[in-house]
Amino acid sequence: MKKRLFTPGPTPVPETVMLRMAEPIIHHRNPEFAEVMKRVNRNLKYVFQTEQPVLTLTCSGTGGVESTFVSLFSPGDAIISVNGGKFGERWVKMPQAFGLNVVEVKVPWGTALQPGQLLDVLKKNPGVKAVYLVHSETSTGTATDVKEMAKLIHANSNALVCVDGITAVGAHEMRFDAWGIDVCVTGSQKGLMIPPGLAFVALSPRAIDMMQISRLPRFYFDLRKALKSYEKDDTPWTPAISLIVGVDAALEMIRAEGIENVWKRHERLARALRAGVTAVGLKLFSNSPSFAVTPVWLPEGVEWKAFNKTLKLDNGITIAGGQDEYAGKIFRVSHLGYYDDLDMVTVMAALERTLATQNHRFAPGSGVTAVQSVLLGRG
Ligand SMILES: *Cc1c(COP(=O)(O)O)cnc(C)c1O
């Protein structure tokens, strides 16, 4: 039986990327590496749709976000942080740990931030230095309209627009320059299709200016150092060389497909899976569904542990469960990164086979038919 991963990080790694990473390691202080880094830097700009620097850090996505807090702010600075799930919650706790004054905007799980709610908070808190938003909240499979929110933030404040794009970059449209985004972070094991271990941070000119006056202590995560090295296609510390070689190959694949096509593919796969699970009588969890991951309510009488076990042991499929109060209540199927149409047919077939063993009543084949209809442009 083949093993198939449908989790929102790590995500499957394409064979061409694995083969590149299996080549003998090169040294990072030689021209061979600078050539790779130069291409990676250029292609990252394309993926983020920016002319601004996109820094590559050796750490997971969380480290990438930490680098932005410690490099941009000073003790006591006020920021707004939108919390609609596990990751939003992390971007409340983390800046608090660094002594920032965090105004938390709570959004119910599975719903998107409303412009009116953000506007209210902006008006009540003039002088905030930044607003942190999660573009695709992975714990709830919910997307935020970052383009709209950025417009609203710029019209009503001087705050930087800072985006956790960790499961959005490569799945949702992201136009860093055109939308006036100031900070956007992603991680390697999500839309960029390589194993965990790298984070990528795009910075606007305003964010770069903030780095010069920020007074929080930092060393490894000092983005001023990273930026200085970046200008020479270098890194300040030993980078995860094999992963950088891997992301070079992955970015070439994205470039060949075209970033707009990559976004469209994610939207199509998400729409197809949503149609499939709905057709077998399941309910969607999010009212603003992400294109990266689809969260679904477990139907009445189906127990998560047994469902997950059958999916994994009898079908080779790994998906994600719910978190916190939604543990055991929802499941999440990822289609972020290296997925195509037939992967959605496969995962829907596996969901049907599993539901059939769990006494859930539905017309067998109806989910797969619905998935196919959307993929074939008939849904
Ligand atoms: C995965 C993820 C993170 C955390 O990234 P790590 O690589 O696990 O540190 C942050 N935000 C979102 C939205 C994520 O999906």
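Refer to the structure above for everything that follows.
Residues numbered from 1 in each chain as written. Predicted model: local features only at pLDDT ≥ 70, side-chain atom pairs only at ≥ 80, totals over all residues. Heavy atoms only, no water.

Visitor: Hey, could you run me through unusual backbone geometry in this one?
Guide: Apart from glycine, the bulk of residues carry a negative phi angle, and the bulk of peptide bonds sit in the trans form. A cis geometry characterises the amide bond from G9 onward to P10, with omega recorded as 0 degrees. As for its position among the elements, P10 is in the loop between strand 1 (4-5) and helix 1 (15-21). Even without a glycine there, the phi angle at D324 is positive, about 50 degrees. Relative to the elements of secondary structure, D324 occurs in the loop between strand 13 (320-321) and strand 14 (330-334). (Helix = DSSP H or I, 4+ residues; strand = E, 2+ residues; numbered from the N terminus.)

Visitor: What's the story with the site of the ligand in this structure? I'm lost.
Guide: Taken together, the neighbourhood of the ligand is formed by 14 residues, with S60, T62, T138, D164 and K190 sitting nearest. Contact distances for the ligand include 2.4 Å between an oxygen atom and a side-chain N or O atom of T138. The separation between a nitrogen atom of the ligand and a polar side-chain atom of D164 is 2.7 Å. Burial of the ligand by the protein chains amounts to 90% of its free accessible area of 380 Å². Those elements giving two or more residues to the shell around the ligand turn out to be helix 3 (61-72) and helix 4 (86-97). Sort the elements by how many residues they give to the shell around the ligand and helix 4 lands first, with three residues. For the shell around the ligand, the residue count by class is four nonpolar, seven polar and three charged. (Near = heavy atom within 4 Å. Polar contact = N/O pair within 3.5 Å; in protein donor to acceptor, adjacent residues only side chain to side chain. Areas by Shrake-Rupley, 256 points an atom, 1.4 Å probe, with all protein chains shown as cover. Nonpolar A, V, L, I, M, F, W, Y, C, P; charged D, E, K, R; others polar.)

Visitor: Sorry if this is basic, but what is going on with helix 12 (residues 341-357) here?
Guide: Each α-helix turn comprises 3.6 residues. Residues three or four places apart therefore point the same way. With 17 residues, helix 12 extends 25 Å from end C-alpha to end C-alpha; this agrees with the ideal 24 Å at 1.5 Å per step. Of all the positions in helix 12, only M344, V345, V347, M348, A350, L351, E352, T354 and L355 are classed as buried. Those residues of helix 12 that are buried are in contact with helix 10 (259-279), helix 11 (304-315), strand 12 (317-318), strand 14 and helix 13 (366-375). Downstream of helix 12 by one or two residues, N359 has phi in the positive range, about 60 degrees. (Expected span 1.5 Å × (residues − 1). Buried < 20%, exposed > 50% of the residue type's maximum accessible area, 1.4 Å probe, protein only. Contact = heavy atoms within 4.5 Å.)

Visitor: Help me understand the pairing of strand 4 (residues 101-106) in this model?
Guide: With six bridges connecting them, strand 3 (residues 78-83) and strand 4 associate as parallel partners. Looking at strand 4, one finds that A78 is bridged to N101. Since strand 3 and strand 4 lie parallel, the crossover through helix 4 that links them has a hand, and here it is right-handed. (Pairing = 2+ DSSP bridges. Right-handed = clockwise from strand over helix to strand, strands pointing away.)

Visitor: What's the story with the sheet that holds strand 11 (residues 293-297) in this structure? I'm lost.
Guide: Strand order in the open sheet made by the three strands is 11-14-13, with antiparallel pairing throughout. What marks the edges here is a single partner per strand, and that holds for strand 11 and strand 13. Pairing between strand 11 and strand 14: five bridges, direction antiparallel. Residue V293 lies in a different strand from strand 14, and its bridge partner there is S334.

Visitor: Looking at this structure, how should I read the sheet that holds strand 8 (residues 160-164)?
Guide: Working definition: the strands of a sheet are paired by backbone hydrogen bonds and lie parallel or antiparallel to each other. Here seven strands make up an open sheet; going across it, the order is 2-10-9-8-5-3-4 and the pairing mixed. Across the chains shown, the open sheet's two edge strands, defined by having one partner strand only, are strand 2 (54-58) and strand 4. Taken over all neighbouring pairs, the strand axes of this sheet differ in orientation by 20 degrees on average, direction set aside. Bridge analysis of strand 8 against strand 9 (residues 183-187) gives three bridges, and the strand direction is parallel. (Axes fitted to C-alpha atoms, helices over the stretch in contact; angles between N-to-C directions.)

Visitor: Sorry, what's going on with the environment of T354 here?
Guide: Mapped onto the elements of the fold, T354 is located in helix 12. Owing to a relative accessible area of 0%, T354 belongs among the buried residues under this scheme. Taking C-alpha positions, T354 is 34 Å from E260, a pair spaced 94 residues apart along the chain. Apart from the residues lying within four places of it in its own chain, the contact partners of T354 are F307, T310, L311 and N315.

Visitor: How should the side chain of D222 be read in this particular structure?
Guide: On the secondary structure map, D222 appears in the loop between helix 7 (205-213) and helix 8 (223-230). At 2.9 Å, the side chain of D222 forms a polar contact with the backbone nitrogen of R224.

Visitor: Explain the pattern of salt bridges to me, please; I cannot follow it from the model alone.
Guide: Note on pairing: side chains with opposite charge can pair once their charged atoms come close. One pass over the full model with this rule turns up 18 salt bridges. For the salt bridge of R39 with E252, the shortest nitrogen-to-oxygen distance reads 3.6 Å. Remark: E252 occurs in helix 9 (residues 241-257) and R39 occurs in helix 2 (residues 31-48); sequence separation between them is 213 residues. Classification of R39 as partly exposed rests on a relative accessible area of 25%. For R268, the salt bridge goes to D341, with nearest N and O atoms at 2.9 Å. (Salt bridge = Lys/Arg side-chain N within 4 Å of Asp/Glu carboxyl O.)

Visitor: What am I meant to see in the packing of aromatic side chains here?
Guide: Describing an aromatic ring pair means giving the distance of the ring centres and the angle of the ring planes. Under the criterion given, the structure shown has 13 aromatic pairs. Both rings, one in F307 and one in F331, keep their centres 5.0 Å apart while their planes meet at 45 degrees; by these two values the pair is tilted. Taken as a pair, F307 in helix 11 and F331 in strand 14 lie far apart in primary sequence, 24 residues in all. For F331, a relative accessible area of 0% gives the class buried. Three or more aromatic residues joined by ring pairs make a cluster, and in this case those are W109, F285, W297 and Y326. Seen from the ring of F219, K225 lies directly overhead, with NZ or CZ sitting 3.8 Å from the centre. (Phe/Tyr/Trp six-rings, centres within 6.5 Å; stacked < 30°, edge-to-face > 60°. Lys NZ or Arg CZ within 6 Å of the ring centre and 35° of its normal.)

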